[in-house]
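Residues per chain, in single letters:
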Amino acid sequence: MNFVFGEARSPGAAAVISTYRLKPRKPNEPDLLESRLLKEAVHEIGHMTGLKHCARVECVMHFSERLSDTDLKSPNFCDDCRSHLRVSY
Ligand SMILES: [Zn+2]
Ligand SMILES: [Zn+2]
């Protein structure tokens with residue numbers, strides 16, 4: 001990979017996310033940075049619990065190859081990922 005939006009130990013207790021590539025191109029879109037940060041943070045927390053990437057584009061565990069993937073997905077886990085979380089905890 002040439003870059004990552006974030007990285008986490010999976011499972012583990014450490015993760016990092018970067019705002020560098022999450023910043024909106026237009027300065028009048030501060031909510032977009034907040035939304036992207038939320039999704040990437042939840043995504044990395046999901047990895048910390050042991051979750052893998054999800055094929056569902058709307059699931060927060062879907063892999064973001066580009067910012068449009070992050071913008072498309074929701075900040076929520078799909079039912080399958082959520083049930084994995086319930087089994088893990
Ligand atoms: Zn990931
Ligand atoms: Zn999922």
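Residues numbered from 1 in each chain as written. Chains lettered and ligands numbered in written order. Predicted model: local features only at pLDDT ≥ 70, side-chain atom pairs only at ≥ 80, totals over all residues. Heavy atoms only, no water.

Caption draft 1: Geometry of the nonpolar core. Listed in full, the 10 residues of the largest apolar core are V42, L51, C54, C59, V60, M61, F77, C78, C81 and L85. Among all residues touching V60, those that are not within four sequence positions of it are K39, V42, H43, K73, S74, P75, N76 and F77. (Core = buried A, V, L, I, M, F, W, Y, C linked by side-chain atoms within 4.5 Å. Buried < 20%, exposed > 50% of the residue type's maximum accessible area, 1.4 Å probe, protein only. Contact = heavy atoms within 4.5 Å.)

Caption draft 2: Spotlight on the coordination of the zinc ion (ligand 1). The protein atoms that coordinate the zinc ion (ligand 1) are H43 (NE2), H47 (NE2) and H53 (NE2), at distances spanning 1.9 to 2.0 Å. Each donor residue of the zinc ion (ligand 1) lies on one chain, and together they are spaced H-x3-H-x5-H. H53 gets classed as partly exposed once you look at its relative accessible area, which sits at 42%. (Donors = N, O, S within 2.8 Å, 3.2 Å for Na, K, Ca; no water.)

Caption draft 3: Representation of the coordination of the zinc ion (ligand 2) in the model. Taken together, C54 (SG), C59 (SG), C78 (SG) and C81 (SG) make up the full set of protein donors to the zinc ion (ligand 2), lying 2.3 to 2.4 Å away. Seen from the zinc ion (ligand 2), its four donor atoms lie at angles of 106 to 113°, and the figure they make is tetrahedral. Along the chain, the residues that donate to the zinc ion (ligand 2) are spaced as C-x4-C-x18-C-x2-C. Note that C54 is positioned in the loop between α1 (30-48) and α2 (67-72) and C78 in the loop between α2 and α3 (79-88), a separation of 24 residues in sequence. A relative accessible area of 13% places C54 in the buried class. (Tetrahedral: all angles 85-135°; square planar, octahedral: opposite > 155°, others 65-115°. Helix = DSSP H or I, 4+ residues; strand = E, 2+ residues; numbered from the N terminus.)

Caption draft 4: Highlighting the side chain of K73. Among the secondary structure elements, K73 is positioned in the loop between α2 and α3. It is E40 that comes nearest to the buried, bridge-free K73 among opposite-charge side chains, at 4.1 Å. Residue contacts for K73: discarding those within four places in its chain leaves K39, E40, H43, V57, E58, C59, V60, H62 and S64. (Lys, Arg positive; Asp, Glu negative; His and termini not counted. Salt bridge = Lys/Arg side-chain N within 4 Å of Asp/Glu carboxyl O.)

Caption draft 5: The arrangement of the layout of surface pockets in detail. Roughly 280 Å³ of volume is contained in the largest pocket. Lining the largest pocket are 19 residues; nearest its centre among them are M1, V4, G6, F63 and S64. Elements supplying a minimum of two residues to the lining of the largest pocket: β1 (6-8) and α1. Taken together, the residues that form the lining of the largest pocket break down as six nonpolar, eight polar and five charged. (1 Å grid on protein atoms, 1.4 Å probe; cavity = no way out; pocket = protein on both sides within 12 Å on 5 of 7 lines; lining within 4 Å. Points joined across faces, edges and corners; volume = space filled by probe spheres on them. Nonpolar A, V, L, I, M, F, W, Y, C, P; charged D, E, K, R; others polar.)

Caption draft 6: Fine view of the environment of S64. Note that S64 resides in the loop between α1 and α2. With near-sequence residues (within four places) excluded, S64 lies in contact with F5, E40, D69, T70 and K73. Here the side chain of S64 touches T70 through a polar contact of 2.8 Å, side chain to side chain. (Polar contact = N/O pair within 3.5 Å; in protein donor to acceptor, adjacent residues only side chain to side chain.)

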